[in-house]
Every structure is written in structure tokens, then in C-alpha cells.
Amino acid sequence: MCPIVDFMNAIKKTLSARWPALHVVLGNESCDLDSAVSAIVYAFLLHSLQNGEEAVGVVPVLNIPAGEYPLKTEVTHWLQKHGILQNSLIFRDEVNLSRLQEGGSLRVTLVDHHVLPPADAYLESSVVGVLDHRPLDPNAPTNERVTMIVEPVGSCCTLVAEQVMAKNPALLDPVTASLLYGTIILDTVNLNPAAKRVTPKDIEVASQLARLMSPPPSSFRIVHHASGGVQELTEAKADVSGLTCDQLLRKDLKVATGGGLRVGVASVPLRVTDFLGRSEGGRYLAEHLVTQGYQMLLVLGVTITQETVTRDLAVYCPDTHIREQVTSALVEGQGGVLQLAPQECEDVEGWVAFRQGNVGASRKVVMPILKAWLATRTS
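Residues numbered from 1 in each chain as written. Predicted model: local features only at pLDDT ≥ 70, side-chain atom pairs only at ≥ 80, totals over all residues. Heavy atoms only, no water.

## Some words on the pairing of strand β1 (residues 22–26)
Along any regular strand the residues' side chains alternate between the sheet's two faces. For β1, a buried count of five out of five residues is recorded, marking the element as mostly surrounded by other parts of the structure. Where burial is concerned, the two faces of β1 agree: the one with Leu-22, Val-24 and Leu-26 and the one with His-23 and Val-25 are both buried. Bridging between β1 and strand β2 (residues 57–61) involves five bridges; their strand directions are parallel. Along β2, the bridge assignment pairs Leu-22 with Gly-57. Judged from the five bridges that link them, β1 and strand β3 (residues 106–111) form a sheet pairing that is parallel. Each residue of the ladder has a partner; that of Val-25, found in β3, is Thr-109. (Buried < 20%, exposed > 50% of the residue type's maximum accessible area, 1.4 Å probe, protein only. Helix = DSSP H or I, 4+ residues; strand = E, 2+ residues; numbered from the N terminus. Pairing = 2+ DSSP bridges.)

Here you go:
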């Protein structure tokens, strides 16, 4: 067994043991591969840095209910491949963070996000650290006791790996290095500049990780060339053949609120026009809005091959006025950064679709535009 797998196999005992404090490393609510691996490896690092007298329990928490885990196809595939099984993970519905906080024994480090969603705002006083690769949000915590590491790189795992290299490089055995490397490769579309997500730091860190793997990936000397790892992960992420329309919308989801609206923002690994074809004329979309309590749904489609990335975007909202308002905001937001052009799709009432010219603009770019528009609304 390897150290990170041993660490994860002991996590539930760590959670139930008596500690002077429990340090939770919390990924974001979409629980994509970057969020999951960042939480696991960064918790592993913090655990390794403990000293005996002041030791606290350190556990990574995947920020979804356990029942949602099978929807995260690339996460389940990559973790299982590295010996980390579902029964060694802790999910959000398996730990009572509110009760821990009330007892004064909770510390929280946020990875792959740095602003708590409204439902988690009560945790703010327990946050002691942040590690994220998104642009700094004006609403980010400013308390001096919070250690902030926020840098716009292609993958949060790049920052996690950098921290491990600086603080305890002995942790980077072939398994841990591979966990991080594969995630960085997936996030940056194989370090491909055309995808507009990779930075020099991603390339340098991936190169260092590749040299630690056994065997190293065949492309590690020229890391921007094709590798089996990215194809394997891309295929695992895109394998949605067994998912219903509702499950697809919950597979990689963020929620934005404001101005009396609750908006689901779902990323799906296929074109939105193809997704719409699975929705039975929009019936599933209408049902999803009701069951999730949304007034509007944004669907962000992405398809990735070894050579290309394509993106499109769609808005579903039964209220014509609101749909037109948010559409205008998305088209014009940040100087038209998304480069949206109208796209024909099946005739479903309440739905409008766009091709996205800026293929480097992921949900990290869409969400600030949406939130800025929501902030201008009055409920």
C-alpha cells in the first residue's frame, strides 16, 4: 500500500477520533476532478506537517452528497485507478460541519474555491486557509488569520503540487505524483495553448511531476504533446451514456443566487444542442427547474479532443423577460469576452443557444458575468 492510500483508508477513523480540533479541507460544490484531488492531496500534506503536541485531525471532504458520487465519472475512475475507493472518502452529508463549528473545534481550508456559497456562509469564521486558481473575487475573505494562496493557473492541483514540493517533497511518490499530474493534464487540455487554460507554471509543475511517475508518461520531455492519460480521463469524463438528463445536469453543477433568482449553472461534456435532444422536447428541463427550485438554468457544453476544444452555451428560462436580460448580459459581459454567436437548436420553448468563440472561457468566466447581472436585479 502507498502512503496516500493508507492516509485515505484511515480517514473515517480520523473523523471519529477525539481531537482538540478537526481541520477539514473542503473542495468546491461541483466536485470535479481538480476539486477532489486538490482536497485529498492538500489534506495529505497538512496531515504530514503535524507535530505531536499540537496535532489535529485533518480530513478532506468532497463537497457533494455520497449519492452524487457515481455521477462524477472521471473522479470515480481516476481515484479508483490510484487505489482510493468510495468507502475511503468522506462526503458532505457524512460530516456535520455546523455541529463541529458550534463546538469550537472546526478549522476549514477551502481548495478550488475561495468564496463560500450562501448556504455555507456560516463557516466563514472557521476558514483558516484558501488555495484556489480562480481570479480573486472581491468578496473573498480578508481576515488576516486566513492564509490566502490565489493564483490564476490552469489547475488548482498545480498550486497543490507546488505546496507539496516546497513543504514536504517526500510525499510525491509515483501514486501521488500521478494523481496530480493527470488532473493538471485534464484541466489544461493536455497543456495545450490553444485551449487558453495553461500557464508556464502548469507546464513546469507537470514536468516535475512526470519525472516522479513510474513509469513516466512517454511525453514528459515535451509535455504539451499527446499522452494516454488525458485521453483516458477525457473519455471517462465524457462517458455519460448511462446518465439521465437530470443526472447530467447534476454531474458538474454550480448555483448562483441574487435578485430573487436561483440559477443552476451546469457543465455537460457534450454540445448543448445534443444535450437538448435528450431532454424530450424540454420536458426534463421544466421538471428540473421545479425539483431544484431554479428560475433559470444555464447549460455550458464542452467537447474536447486531442486537437480541439469547442464550447457552446444555452439559457433555459420560461420567463421571456428574464431570459432576454441574462442573454444580453452574457453576450455583452466583460466586453463580449465569451464571443457568443446565436446557434440554431431544436424548437423548445424557453431555450436559447449560442456558439462560444472564446473556447478558453470556462464556467470560471461565465459565473462572474452572471453574478454581476444578478447583483443588479431587485427581487
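That was the structure; now back to the text.
## Things to note about the sheet that holds β1
Taken in spatial order, the five strands of this open sheet run β2-β1-β3-β4-β5, and their pairing is parallel. Two strands bound the open sheet, and with one partner strand each, they are β2 and β5 (147–150). Direction aside, neighbouring strands of the sheet carry axes that sit 15° apart on average. Across four bridges, β3 lies against strand β4 (residues 127–132) in parallel orientation. Bridge pairing links Val-108 to Val-127 in β4. The strands touched by helix α3 (residues 33–48) within the sheet are β1, β2, β3 and β4, with β2 carrying the most contacts at an inclination of about 175°. Of the strands in this sheet, β4 and β5 are in contact with helix α6 (residues 156–167), which crosses β4 at around 115°. (Axes fitted to C-alpha atoms, helices over the stretch in contact; angles between N-to-C directions. Contact = heavy atoms within 4.5 Å.)

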